[in-house]
Amino acid sequence: MLITRVFTYKGQKETAQNAYEKLIALNPTDKYNKQKAAGALGGAARWGFIVFTSGVWKRMR
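A few points on the structure.

Definitions and cut-offs
For every chain, the first residue of the written sequence is number 1, and numbering continues from 1 onward in sequence order. Only residues with pLDDT of 70 or above have their local features reported here, since the model is predicted, and side-chain atom pairs are shown and tallied only from 80 upward, although totals for entire chains, interfaces and linings are computed over all residues. For the side-chain quantities, the full set of heavy atoms in the structure was used; hydrogens and water were omitted. Only buried residues count toward a nonpolar core, which is a set of Ala, Val, Leu, Ile, Met, Phe, Trp, Tyr and Cys residues joined through side-chain atoms within 4.5 Å. Each residue is placed in one exposure class: buried if its accessible area under a 1.4 Å probe, protein chains only, is under 20% of its type's maximum, exposed if it is over 50%, and partly exposed if it falls in between. Under the DSSP-based scheme used, a helix requires at least four consecutive residues in state H or I and a strand at least two consecutive residues in state E, with every element numbered from the N terminus. Pairs of residues are marked as contacts when any of their non-hydrogen atoms sit within 4.5 Å. Each salt bridge in this description consists of a side-chain nitrogen of Lys or Arg and a carboxyl oxygen of Asp or Glu lying within 4 Å of one another.

### Thoughts on the nonpolar core
Among the nonpolar cores identified, the biggest contains 13 residues, and Ile-3, Phe-7, Leu-23, Leu-41, Ile-50 and Trp-57 are the most heavily contacted of them. Contributions of two or more residues to this core are made by helix H1 (3-6), helix H2 (16-26) and helix H3 (33-46). Per-element tally for this core: the top contributor is H3, with four residues. If near-sequence neighbours (up to four positions away) are discounted, Ile-50 is found in contact with Ile-3, Phe-7, Leu-41, Ala-44, Ala-45, Trp-57, Lys-58, Arg-59 and Met-60.

### As for the pattern of salt bridges
Pairing between side chains of opposite charge can happen when the charged atoms of each approach one another. Summed over all chains, the structure comprises two salt bridges. With a closest N to O distance of 3.0 Å, Lys-22 and Glu-14 form a salt bridge. Residue Asp-30 is joined to Lys-36 by a salt bridge in which the shortest nitrogen-to-oxygen separation is 2.6 Å. Residue class for Asp-30 comes out partly exposed when judged on its relative accessible area of 21%. Lys-36 sits in the partly exposed class, given a relative accessible area of 42%.

Below, the structure written as structure tokens:
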């Protein structure tokens, strides 16, 4: 799970840009790393793992 490698503890906050860049950096040679990063953020938000408020992602669980 990519998202847990960026958001390592409950309550952690990351700016939208910073979280996206960290996710991209996890797979620097992957042709689709930008799409996977966006998908990881969207999927985690969909299931309530992270919440987006005022330009900041926050880990909830």
